[in-house]
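Per-entry structural report
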There are 2 protein chains.
Amino acid sequence: MLFPDRSTARTADALPSWNDGATKQALVRFVAAVTTEGGPQFVAPPERVAVFDNDGTLWAEQPLYFQLAFALDRIKALAPQHPEWNDKEPFASLLKGDVQGALAGGEPAIFQVVMATHAEVTTEEFEKIVRAWIATAKHPKTGRPYTKMVYQPMLELLAWLRAHGFKTFIVSGGGVEFMRVFSDRIYGVPPEQVIGSTGRMKFELRDGTPVLVKVPEIDFIDDKAGKPVGIQQHIGRRPIAAFGNSDGDLQMLQYTTAGPGARLALIVHHTDAEREWAYDRHSPVGRLDEALNEARAKGWTVVDMKADWKRIFPAD
Amino acid sequence: MLFPDRSTARTADALPSWNDGATKQALVRFVAAVTTEGGPQFVAPPERVAVFDNDGTLWAEQPLYFQLAFALDRIKALAPQHPEWNDKEPFASLLKGDVQGALAGGEPAIFQVVMATHAEVTTEEFEKIVRAWIATAKHPKTGRPYTKMVYQPMLELLAWLRAHGFKTFIVSGGGVEFMRVFSDRIYGVPPEQVIGSTGRMKFELRDGTPVLVKVPEIDFIDDKAGKPVGIQQHIGRRPIAAFGNSDGDLQMLQYTTAGPGARLALIVHHTDAEREWAYDRHSPVGRLDEALNEARAKGWTVVDMKADWKRIFPAD
């Protein structure tokens, strides 16, 4: 494979928060391979599609998904309009501050919380609500805004791929209307390149003005086997590079690597209890078990956060 | 409004198949307004989203939707594997060449034809099938390939908008997996900017290889009130310009024009029985009735195909 020194230097410089080592080398080698004109693994720019999970891959996800933190704050804000919640789970526990108790109801409880906080508003109203929350809410452990809990090495990676002709997409289990509020500003990924879970919407004329109303029904869950489906529905091309961190990303990584030519599959392994969190096979949030086995069996790139990342967050 | 001569000339030259007149002027005026930096109606490039219906707006749709012609050809190709179709409507009529009789069954009949021809294959197999068909099938009236039945003035418009920083999307009732096969080649619209109706898909591992299988169930109909929903789901921004030709585009035009600032809503009115077809309020294909009333009431731009277009098809 053609691998010019000059290109290596240029690309390596663009990833200052990545320690030198096998992981960074795998990234640089892949990008050199697919962008070297005349090389055996060259990929034309329109086919340079890279997909990124969000929670745990581009920003943190502990102690609980940030969108769930939004939903819990929203429950508190809406409580005065819902006196019935005082006697109704999971709302009653939440309003008493017992998050663990509320979430003990599992998926049905989470579903109720999400529907109560993500529907019965227009898409424009919802955007304003998220915008106001993300501007002021703080992470419970670090006290930083959630938008500062993004991974500096991944921001560099996004920019570096785009500088090499890649189109970067987010493909996440999070709600698409939630992520789009800040994806452009914090990741440089415009709304039309964000794929996520969706609720149903209804077109209505309100006093002659057309609005889209969010209906309390799930339309699509962009997780696990849903991720390749979401990719095909929105992009219509198979990515050549995929980045994830949990079992929810396994099928996206399988789908990406099953195409011909050079492929990159990367898993962010959370191994740094000091600077971030350390978790994998037994974590209720971002469980990484089956996908870690497959990564090892297939030689996918696994980021050891503690060893591979010089910096975790931009402020570090 | 600032309206420099130089820009006018440049833009006017890029639309040679449009006759001079009020329609062309409306197009040029709108693009000048939203691209004039410092002007009161300037729109930043990322917000320059333009959405185009396909059937009847970018290519012809008579005597019946081209995708339906594909489905009918596909029924014939599949018939040997389905002896039961000889006694089952709408297939029996179709196989006898009685298209009108078969379609007399209305939407349920069309649904059966679409499901029998668009499902139970992987997305990759389907793409190959469409690619082979579109390369060889000929339009029954003109004898031309369907990909040559595109409107030359609209091709110029697409390219001209892109040259002015617009991102062009197709938002059509047609199947997304069908249109994406040729949208880039014939319109310069890449697959990730095509929004259409979708069938359900299922992720499967076949002998260890991941595939997406098209399941015979409708997922989403991108028509009428579905169009603004499709736009929000895929793009997440409100377009500033929308182009359609039928009542199926009405809600998309309403949604587009309801935003603030300069907006362009355009309807292609099929008025040329000689060079193309003339139809509107009573046509079963591409009916234009309510949207024509609203266009007149609201001052939307209506293309009079006969008067406004110097050429219809590229070969004219």
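Time to look at the overall build of chain A. Across its full length, chain A holds 14 helices and eight strands. Whereas a compact globule of 316 residues would reach a radius of gyration of roughly 20 Å, chain A reaches 20 Å, a difference of no more than 12%. Taken along the three principal axes of its C-alpha coordinates, chain A extends 65 × 50 × 35 Å. Within chain A, buried positions represent 57% of all 316 residues. Summed over all atoms, the accessible surface of chain A reaches about 13,100 Å², with 52% contributed by carbon and sulfur. Seen as two clouds, the 36 positive and the 40 negative side-chain charges of chain A have centres 4 Å apart.

What follows deals with the nonpolar core. One finds Trp59(A), Met154(A), Leu157(A) and Phe243(A) to be the most contacted residues of the largest nonpolar core, which totals 70 residues. Filtering out sequence-adjacent residues up to four positions away, Met154(A) remains in contact with Trp18(A), Phe52(A), Thr57(A), Leu58(A), Phe243(A), Val268(A) and Trp309(A).

Let us look at the relation of the copies chain B and chain A. The two copies are related by a screw motion: chain B maps onto chain A through a turn of 180 degrees and a shift of 0.0 Å along the axis, at an RMSD of 0.0 Å. What the rotation and shift describe, once combined, is the action of a two-fold rotation axis. Across chain B, the smallest distance between a C-alpha and the rotation axis is recorded for His234(B), namely 3.3 Å. By residue overlap, the copies meet face to face through one surface: 100% of the interface positions of chain B are interface positions in chain A.

Its place among the elements puts Arg237(B) in the loop between α10 (226-234) and β5 (241-244). By relative accessible area, which is 8% here, Arg237(B) ends up buried. Among the polar contacts made by the side chain of Arg237(B), one reaches the side chain of Glu47(B) at a distance of 3.1 Å. Here Arg237(B) is in contact with Asp184(A), Pro190(A), Pro191(A), Glu192(A), Pro46(B), Glu47(B), Val49(B), Ile231(B) and Gln232(B), once residues within four sequence places are set aside.

Another aspect to go through is the packing of aromatic side chains. Applying the stated criterion across every chain, the model contains 30 aromatic pairs over all chains. Ring plane angle 5 degrees and centroid distance 4.2 Å describe the contact between Phe52(A) and Phe243(A), whose orientation is recorded as stacked. With Phe52(A) in strand β1 (residues 49-52) and Phe243(A) in strand β5 (residues 241-244), the pair connects residues that are 191 residues apart, well separated along the chain. Ring plane angle 75 degrees and centroid distance 5.4 Å describe the contact between Phe70(A) and Trp133(A), whose orientation is recorded as edge-to-face. Within this pair, whereas Phe70(A) is found in helix α3 (residues 66-78), its partner Trp133(A) is found in helix α7 (residues 123-136), the two being separated by 63 residues in sequence. Taken individually, Phe70(A) and Trp133(A) each receive the classification buried, so the pair is uniform in this respect. Ring-pair connections join several aromatic residues into one group, and the members of that group are Trp59(A), Phe66(A), Phe70(A), Phe126(A), Trp133(A), Tyr146(A), Phe178(A) and Phe182(A). Over the face of the ring belonging to Trp277(B) we find Lys141(B), whose NZ or CZ atom lies 4.4 Å from the ring centre. Looking at Lys214(B), its charged tip hangs above the ring of Phe126(B), at a distance of 4.7 Å from the centre.

On the chain A side, the residues contacting the 32 residues of chain B number 32 residues. Summed over both sides, the interface of chain B with chain A buries roughly 3,000 Å², with 53% coming from carbon and sulfur. Together, Glu192(B), Phe203(B) and Gln233(B) form the three largest contributors to the area buried by chain B at its contact with chain A, with a combined 21%. A salt bridge links Arg238(B) to Glu124(A); its shortest N-O distance comes to 3.0 Å. Linking chain B with chain A are 19 residue pairs in polar contact (both at pLDDT 80 or more), by the criterion used here. Elements supplying a minimum of two residues to the side of chain B that touches chain A: α7 (123-136), β2 (167-175), α9 (176-187), β3 (194-206), β4 (209-220), α10 and α11 (250-257) of chain B. In terms of residue count, the dominant contributor to the side of chain B that touches chain A is α10(B) (five residues). By residue class, the composition of the side of chain B that touches chain A is 14 nonpolar, nine polar and nine charged.

We now examine the pairing of strand β8 (residues 301-304) of chain A. Residues in a regular strand project their side chains so that they alternate between the two faces of the sheet. Residue and element names in this part refer to chain A. Going residue by residue along β8, you find Thr301 and Val303 tucked away on one face and Val302 and Asp304 left uncovered on the opposite face. Here four bridges tie strand β6 (residues 264-271) to β8, and the two strands are oriented parallel to one another. Residue pairing for β8: Ile267 is matched across the bridge by Val302.

Moving on to the pattern of salt bridges. One pass over the structure, following the stated rule, counts 36 salt bridges over all chains. Of the charged contacts in the structure, one is a salt bridge between Arg237(B) and Glu192(A), with a shortest N-O distance of 3.0 Å. Linking Arg237(B) in the loop between α10 and β5 with Glu192(A) in the loop between α10 (183-187) and β3 (194-206), this pair reaches from one chain into another. Glu192(A) matches Arg237(B) in its accessibility class, with the two residues each being buried. Among the ionic contacts, a cluster of salt bridges with common partners joins Glu47(A), Lys167(A), Arg237(A) and Glu192(B).

Next up on the list: the sheet that holds β3(B). All names here are of chain B. Read from one edge of the open sheet, seven strands run β4-β3-β2-β1-β5-β6-β7, paired in mixed fashion. A strand with exactly one partner marks an edge of an open sheet, and here the two such strands are β4 and β7 (301-304). Each strand axis lies, on average, 30 degrees off the axis of its neighbour in the sheet, ignoring direction.

Scoring rules and cut-offs
Residues numbered from 1 in each chain as written. Chains lettered and ligands numbered in written order. Predicted model: local features only at pLDDT ≥ 70, side-chain atom pairs only at ≥ 80, totals over all residues. Heavy atoms only, no water. Helix = DSSP H or I, 4+ residues; strand = E, 2+ residues; numbered from the N terminus. Rg over C-alpha atoms; globule rule 2.2 N^0.38 Å. Buried < 20%, exposed > 50% of the residue type's maximum accessible area, 1.4 Å probe, protein only. Areas by Shrake-Rupley, 256 points an atom, 1.4 Å probe, with all protein chains shown as cover. Lys, Arg positive; Asp, Glu negative; His and termini not counted. Charge placed at Lys NZ, Arg CZ, Asp CG, Glu CD. Core = buried A, V, L, I, M, F, W, Y, C linked by side-chain atoms within 4.5 Å. Contact = heavy atoms within 4.5 Å. Least-squares fit on C-alpha atoms with pLDDT ≥ 70 in both. Polar contact = N/O pair within 3.5 Å; in protein donor to acceptor, adjacent residues only side chain to side chain. Phe/Tyr/Trp six-rings, centres within 6.5 Å; stacked < 30°, edge-to-face > 60°. Lys NZ or Arg CZ within 6 Å of the ring centre and 35° of its normal. Buried area = accessible area lost by both parts, 1.4 Å probe. Salt bridge = Lys/Arg side-chain N within 4 Å of Asp/Glu carboxyl O. Nonpolar A, V, L, I, M, F, W, Y, C, P; charged D, E, K, R; others polar. Pairing = 2+ DSSP bridges. Axes fitted to C-alpha atoms, helices over the stretch in contact; angles between N-to-C directions.

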